[in-house]
Amino acid sequence: MAKNSHLSHHSNISGQQNLQGRMKRTGLKFKTGSENISKMYRYKITSNPFYTQDLSTCQFSDANSGRSIPPHSYESLAREAVRLWVDSPDHRKNLMDGRMRLTSTAAAFDAKGSHCGTIYLTQNFLG
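Source: prediction; values computed, not measured. (Residues numbered from 1 in each chain as written. Predicted model: local features only at pLDDT ≥ 70, side-chain atom pairs only at ≥ 80, totals over all residues. Heavy atoms only, no water.)

Asks: Mind showing me how you'd approach the overall build of the protein here?
Replies: The secondary structure content of the protein amounts to three helices and six strands. Ordered by position in the sequence, the α and β elements of the protein form the string α-β-β-β-β-α-α-β-β. Taken along the three principal axes of its C-alpha coordinates, the protein extends 50 × 30 × 20 Å. Across the 127 residues of the protein, 33% fall into the buried class. A separation threshold of at least 6 residues defines the contact pool for the protein, and within that pool the share at least 24 residues apart is 58%. If you sum the accessible surface of the protein, you get close to 8,600 Å²; carbon and sulfur atoms cover 51% of it. Positive and negative charge centroids in the protein, built from 17 and 9 side chains respectively, lie 10 Å apart. (Helix = DSSP H or I, 4+ residues; strand = E, 2+ residues; numbered from the N terminus. Buried < 20%, exposed > 50% of the residue type's maximum accessible area, 1.4 Å probe, protein only. Contact = heavy atoms within 4.5 Å. Areas by Shrake-Rupley, 256 points an atom, 1.4 Å probe, with all protein chains shown as cover. Lys, Arg positive; Asp, Glu negative; His and termini not counted. Charge placed at Lys NZ, Arg CZ, Asp CG, Glu CD.)

Below, the structure written as C-alpha cells:
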C-alpha cells in the first residue's frame, strides 16, 4: 500500500490480490480470516484543525492551541491505530473475534505521503 500510496484490501501482486490469497501463501492451516488496515500521518495530525507552518521542515501546529504538533513515536502510533480500530464497529469486530488464533501486523512508511509522510498499517487474523 505504501509503495502505491493507496489504502486498499486488494493488491495487484499475483496470488495476493485478496485476503484469502495472502492467507494461503502463509502455508498455515486456517478456516477463516480477517484484516484491518489503516493509514495515518507521520505527525500527530488528527481531525482537529491544524496549520502547516513550514512544510519543508515539517512544522505543523494545532489551530486551536497554537502548540507544535510532533511526529508519532512508536507508542503514540500504536495507541492511535488501536483507538481508531476499536472505535470502528467493523474493525473492532475483527479484533474481538474469538475464533482467531493467529495475528500478524505490519507497518510501512510512504515518505512522499501527505504532511511529511504517511504510515500504512495492516493486521491479519487467522482462525
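Moving on, there is more to tell.
Asks: Would you take a moment to explain the sheet that holds strand β5 (residues 102-110) for this structure?
Replies: One key point about sheets: their strands pair by backbone hydrogen bonds, in either a parallel or an antiparallel sense. Taken together, the three strands give an open sheet; going across it, the order is β1-β6-β5, and neighbouring strands pair in antiparallel fashion. Single-partner strands in this sheet number two, and they are β1 (33-41) and β5. On average, each strand axis in the sheet is tilted by 15° relative to the strand beside it, whichever way the strands run. Bridge count for β5 against strand β6 (residues 118-126) is nine bridges, and the pairing is antiparallel. What sits directly across from Ala-106, in β6, is Thr-122. Here helix α2 (residues 74-87) sits on the sheet in contact with β1 and β6, set at roughly 125° to β1. (Pairing = 2+ DSSP bridges. Axes fitted to C-alpha atoms, helices over the stretch in contact; angles between N-to-C directions.)

Asks: Teacher, can you tell me more about the sheet that holds strand β2 (residues 50-54) here?
Replies: Taken in spatial order, the three strands make up an open sheet running β2-β3-β4, and their pairing is antiparallel. Each edge of the sheet is formed by a strand with only one pairing partner; in this case those strands are β2 and β4 (68-69). Note that β2 and strand β3 (residues 59-62) share four bridges and pair antiparallel. Directly across from Phe-50, in β3, lies its bridge partner Asp-62.

Asks: How should I be thinking about the pairing of β3 in this particular structure?
Replies: Every other side chain in a regular strand lies on the same face of the sheet, so the side chains alternate between the two faces. Following β2, the chain reverses through four residues before pairing antiparallel with β3; Cys-58 in that reversal takes a positive phi of roughly 55°. Summarising the sheet, β3 and β4 pair through two bridges and their orientation is antiparallel. Each residue of the ladder has a partner; that of Ser-61, found in β4, is Ser-68. In this structure, the hairpin formed by β3 and β4 is closed by a connection of five residues, where Gly-66 is found at a positive phi of approximately 80°.

Asks: Which parts of the structure should I look at to understand the pattern of salt bridges?
Replies: Where charged atoms from two side chains of opposite charge approach closely, those side chains can pair. One pass over the full model with this rule turns up five salt bridges. Note that Arg-22 and Glu-35 form a salt bridge whose closest N and O atoms lie 3.0 Å from each other. Of this pair, Arg-22 sits in helix α1 (residues 19-25) while Glu-35 sits in strand β1, and the two are 13 residues apart along the sequence. Ionic pairing is found between Arg-83 and Glu-80, a salt bridge with its closest N-O pair at 2.8 Å. Taken together, the positions of Arg-83 and Glu-80, both in helix α2 and three residues apart, correspond to about one turn of that helix. Classification of Glu-80 as buried rests on a relative accessible area of 18%. (Salt bridge = Lys/Arg side-chain N within 4 Å of Asp/Glu carboxyl O.)

Asks: What should I look at first to understand the side chain of Ser-34 in this one?
Replies: Position of Ser-34 among the secondary structure elements: in strand β1. A distance of 3.5 Å separates the side chain of Ser-34 from the side chain of Asn-94, its partner in a polar contact. Not counting residues up to four positions away in its chain, the partners in contact with Ser-34 are Leu-19, Asn-94, Met-100, Gln-123, Asn-124 and Phe-125. (Polar contact = N/O pair within 3.5 Å; in protein donor to acceptor, adjacent residues only side chain to side chain.)

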